[in-house]
Amino acid sequence: TSLVPLGMNDPSPSVSEILVYPNPASSGWVNFDFSDTDATLLRVYSLEGKLVREETVTGIQHLTLSTAGLDSGLYLYESLGKQGERLKSGKFAVAK
């Protein structure tokens, strides 16, 4: 009999990790905590690829983003560095 792992420990946070909460965002806002201070821009896209938000985040470690104007559903985000390179990407949900 062999054992098959069903899960694994979370790895240590990477340098460019972004903590997004609450997820799903249901109270009119969503928070982004940046562990990578090299991020200069945060972009939020609809699943169709339409840019719906763009925020300058140079030198900050926390951003509270209003979900006003965003429909319920999934959204993709990316943080960009000084040269426009993608540092981190992920997704979050809006529930209204």
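Residues numbered from 1 in each chain as written. Predicted model: local features only at pLDDT ≥ 70, side-chain atom pairs only at ≥ 80, totals over all residues. Heavy atoms only, no water.

### Topic: the pattern of salt bridges
Then comes step 1: The tally for this structure, following the rule as stated, stands at two salt bridges.
Then comes step 2: With a closest N to O distance of 2.7 Å, E54 and R43 form a salt bridge. Of this pair, E54 sits in strand β4 (residues 51-56) while R43 is found in strand β3 (residues 41-46), placing the two residues eleven residues apart along the sequence.
Then comes step 3: Judged by relative accessible area, R43 falls into the partly exposed class, the value being 24%.
Then comes step 4: Measuring nitrogen to oxygen at the nearest pair gives 2.9 Å for the salt bridge that ties E78 to R86. (Salt bridge = Lys/Arg side-chain N within 4 Å of Asp/Glu carboxyl O. Helix = DSSP H or I, 4+ residues; strand = E, 2+ residues; numbered from the N terminus. Buried < 20%, exposed > 50% of the residue type's maximum accessible area, 1.4 Å probe, protein only.)

### A word on the sheet that holds β3
Then comes step 1: Spatial strand order, β4-β3-β6-β7: four strands in an open sheet with antiparallel pairing. Pairing within the sheet leaves two strands with one partner each, and these edge strands are β4 and β7 (86-94). The sheet shows a mean angle of 20° between the axes of neighbouring strands, direction not considered.
Then comes step 2: Relative to β4, β3 is paired through five bridges, and the arrangement is antiparallel. Each bridged residue has a counterpart across the sheet, and for L41 the counterpart in β4 is T56. (Pairing = 2+ DSSP bridges. Axes fitted to C-alpha atoms, helices over the stretch in contact; angles between N-to-C directions.)

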